[in-house]
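Understanding the architecture of this molecule
Here is what each chain is made of, one letter per residue.
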Amino acid sequence: MKLAACLLVALAAPAQFAPDCFSRPADAQRGRIRAAQQRALKLLRLGTVRIHTPAGTDFMFRMGARSAPAGGGEVDLPAGVLRLAPVNESASGNIVIPEARFGGTVAKKVVLQIDNGRQTRAKAEAGLEAVEAARRFWEFAVGFNPQPGCGAGGVWLSLGGDEGAGGNPRRFFFPDATVHVDYRYLVRDGKLVFQESR
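Residues numbered from 1 in each chain as written. Predicted model: local features only at pLDDT ≥ 70, side-chain atom pairs only at ≥ 80, totals over all residues. Heavy atoms only, no water.

Looking at the pairing of strand β8 (residues 136-143)
Under the convention used in this document: A simple rule labels every residue: compare its accessible area, found with a 1.4 Å probe on the protein chains alone, to the largest value its type can have, and call it buried under 20%, exposed over 50%, or partly exposed in between. Only runs of H or I of at least four residues qualify as helices and only runs of E of at least two qualify as strands under DSSP, and these elements are numbered from the N terminus. We call two strands paired when DSSP finds no fewer than two bridges between them.
In terms of burial, β8 is a largely internal element, 8 of the 8 residues being buried. In the sheet, strand β4 (residues 81-86) pairs with β8 via 4 bridges, with the strands oriented antiparallel. Counted as the bridge partner of Arg-83 is Ala-141 from β8.

Put into structure tokens, the structure is as follows:
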């Protein structure tokens, strides 16, 4: 059920986006966002994408052909988010989630081990059952909305069931991630810095 899937989207850290963050940006601003996204795409296609967080995430993958810049905001994503499909089999590493809320369930100190795009091990201090269904890595997203507090530099990692991204997806938000491709940085400590790498 689609609504149920939406309710299972979680946060790896508290995120409060203002209502304006979900509105379609003005034309001039939207043009700047799209231009920045295109520059980021060029960087991300250069090699292996690697993500680190202070909590311990160390995760890597190669980018697939499909990309879907989100222009008008979604139920859980602010406007200006660039969504990308990975080469699933290329994904490996650990995703560490300090806390994630799924409806009334709170998972704490979650570690998901990913090999060849699939979860091979999961552990948590509490609420493990809420994340066990996050079996495959499906999507990477990064925010570009320059409005204050609208997610610029934030990173989302989406995992779903074997049936696809629509099968009760878990989308985890990381406000403090570092993202680079062979040390050419897109995001450093939750801030967009890729312009410095061009």
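After that view of the structure, there is still more to cover.
Some points on the side chain of Ser-90
Filter applied, for reference: Definition of a polar contact: a pair of N or O atoms within 3.5 Å, with one able to donate and the other able to accept a hydrogen when the atoms are protein atoms, and with sequence-neighbouring residues admitted only if both atoms are side-chain atoms. Whether two residues are in contact is decided by their heavy atoms: any pair within 4.5 Å suffices.
When you line up the elements, Ser-90 lands in the loop between β4 and β5 (92-102). By relative accessible area, which is 14% here, Ser-90 ends up buried. There is a polar contact of 2.8 Å between the side chain of Ser-90 and the backbone nitrogen of Arg-62. Look past the residues within four positions of Ser-90 in its chain and what remains in contact with it is Met-60, Phe-61 and Arg-62.

Regarding the pattern of salt bridges
Selection criterion: Put simply, a salt bridge is a Lys or Arg side-chain nitrogen that is within 4 Å of an Asp or Glu carboxyl oxygen.
Per the counting criterion, the structure on display carries 5 salt bridges. Ionic pairing is found between Arg-184 and Asp-182, a salt bridge with its closest N-O pair at 3.3 Å. Note on Arg-184: relative accessible area 32%, which makes it partly exposed. Looking at Asp-182, the relative accessible area reads 47%, which means it is partly exposed. Beyond isolated ion pairs, a larger network of salt bridges with shared partners links Arg-83, Glu-139 and Arg-171.

Details of the nonpolar core
The criterion, for reference: Joining through side-chain atoms within 4.5 Å is the link that ties buried Ala, Val, Leu, Ile, Met, Phe, Trp, Tyr and Cys residues into a set, and such a set is a nonpolar core.
Ranked by internal contacts, the top residues of the largest apolar core, which has 41 residues, are Leu-112, Phe-140 and Leu-186. Top contributing element to this core by residue count: helix α2 (residues 27-44), with 6 residues. Once you skip the residues sitting within four places of it in the chain, Leu-186 turns out to touch Ala-40, Leu-43, Leu-44, Val-142, Phe-144, Val-179, His-180, Lys-191, Leu-192, Val-193 and Phe-194. Core analysis: the next-biggest nonpolar cluster, separate from the first, contains 8 residues, Cys-21, Val-81, Cys-150 and Phe-173 among them.

With respect to the state of the cysteines
Put simply, the test is: In what follows, a disulfide is any cysteine sulfur pair within 2.5 Å.
Evaluation of the coordinates by the stated rule reveals 1 disulfide. The disulfide partner of Cys-21 is Cys-150, and the gap between their sulfur atoms is 1.9 Å. Linking Cys-21 and Cys-150, the disulfide has an S-S dihedral of approximately -80° and is accordingly described as left-handed. A residue pair is termed long-range when its members are at least 10 positions apart, and Cys-21 in the loop between α1 (2-7) and α2 and Cys-150 in the loop between β8 and β9 (155-160) qualify at 129 residues. Among the residues examined, Cys-21 registers a relative accessible area of 1% and is labelled buried.

The quantities given are spatial measurements derived from coordinates; they are silent on function.
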